[in-house]
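Structural characterization, general
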Amino acid sequence: MDVNDMGRDLEKVLVSAKEIDARLSELAKEIDEYYDGEPIVLVGVLRGSVMAMADLARKLHTPLVMDWMATSSYGSGTKSSGVVRILKDLNEDISGRRILIVEDIVDSGLTLSWLVENLQSRGPKEIKIMTMLRKPEAIRKMKVDVDWVAFDVGEEFVIGYGLDYAEEYRGLPFIGTLASHVYGGEE
Ligand code: PRP
């Protein structure tokens, strides 16, 4: 999937595939330095973090295991409520291990703060967080400390590189904004 498949549905490209690649290389270097060869468990939160997990994992030299959780947030519409249900749990026992959560986006921070608390109860040695995107509300509310942020974005609705609108556009190699006619707004 690329820009040409989007037609009029794309408003603009916010972060190009090249920019994503360069920023992930920078972060991978920082993350490798931080762990200094100690093994980690990468925890991806389905489904949005698939692209970031796949690309980050390929750039890291730190020995790693990849595991996944699927959660569903109760609540209406596009806002998460912070009440989360586990649809798929981790396969790994994370007790005593160093965990790096990989997220696609932190918005209200409710999902992450729930996740950190849930994983913390399993006795890991440490939990760190990396996210591709962070929205202003996440900074304002400071619900969770994110250790590595690829890009801070504004309030706009973002899609691509794992992020969807009604399950579409996850396959885009870049991060963009959606034209408002797609979600029923004015143009
Ligand atoms: C998205 C995203 C985060 C969460 C962030 O997941 O992947 O997990 O919302 O929002 P918050 O900071 O306001 O809690 P979503 O529930 O849309 O599922 P998806 O990854 O399958 O798209």
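In this text, all values refer to a predicted model and were calculated from it rather than measured experimentally.

Things to note about the nonpolar core
In globular proteins that are soluble, nonpolar side chains generally tend to be buried together. Ranked by size, the top nonpolar core spans 27 residues in total, and within it Leu56, Leu100, Met130 and Met132 carry the most contacts. If you look at the next biggest cluster of nonpolar residues, it comprises 21 residues, including Val45, Ile94, Leu119 and Ala138.

Considerations on the site of the ligand
Around the ligand, the surrounding shell holds 15 residues, and the nearest of these are Glu103, Asp104, Ser108, Gly109 and Thr111. At 3.4 Å, a side-chain N or O of Asp164 approaches an oxygen atom of the ligand. About the coverage of the ligand: the protein hides 79% of its 500 Å² of free accessible area. Elements supplying a minimum of two residues to the shell around the ligand: β5 (98-106) and α3 (110-120). Per-class residue counts for the shell around the ligand are four nonpolar, five polar and six charged.

As for the packing of helix α1 (residues 17-35) against helix α2 (residues 50-59)
At their nearest, the axes of α1 and α2 sit 9 Å apart, and the two run at 55° to each other. With respect to α2, the axis of α1 lies oblique. Seen along the crossing, α1 lies across α2 with a hand that is right-handed. For the pair α1 and α2, the contacting residues are Asp21, Leu24, Ser25, Ala28, Ile31 and Asp32 in the first and Asp55, Leu56 and Lys59 in the second. Split by residue class, the contact of α1 with α2 holds four nonpolar, one polar and four charged.

Rules and cut-offs
- Residues numbered from 1 in each chain as written.
- Predicted model: local features only at pLDDT ≥ 70, side-chain atom pairs only at ≥ 80, totals over all residues.
- Heavy atoms only, no water.
- Core = buried A, V, L, I, M, F, W, Y, C linked by side-chain atoms within 4.5 Å.
- Buried < 20%, exposed > 50% of the residue type's maximum accessible area, 1.4 Å probe, protein only.
- Near = heavy atom within 4 Å.
- Polar contact = N/O pair within 3.5 Å; in protein donor to acceptor, adjacent residues only side chain to side chain.
- Areas by Shrake-Rupley, 256 points an atom, 1.4 Å probe, with all protein chains shown as cover.
- Helix = DSSP H or I, 4+ residues; strand = E, 2+ residues; numbered from the N terminus.
- Nonpolar A, V, L, I, M, F, W, Y, C, P; charged D, E, K, R; others polar.
- Axes fitted to C-alpha atoms, helices over the stretch in contact; angles between N-to-C directions.
- Parallel < 35°, antiparallel > 145°, perpendicular 65-115°, else oblique.
- Left-handed = near helix turned anticlockwise from the far one by under 90°.
- Contact = heavy atoms within 4.5 Å.

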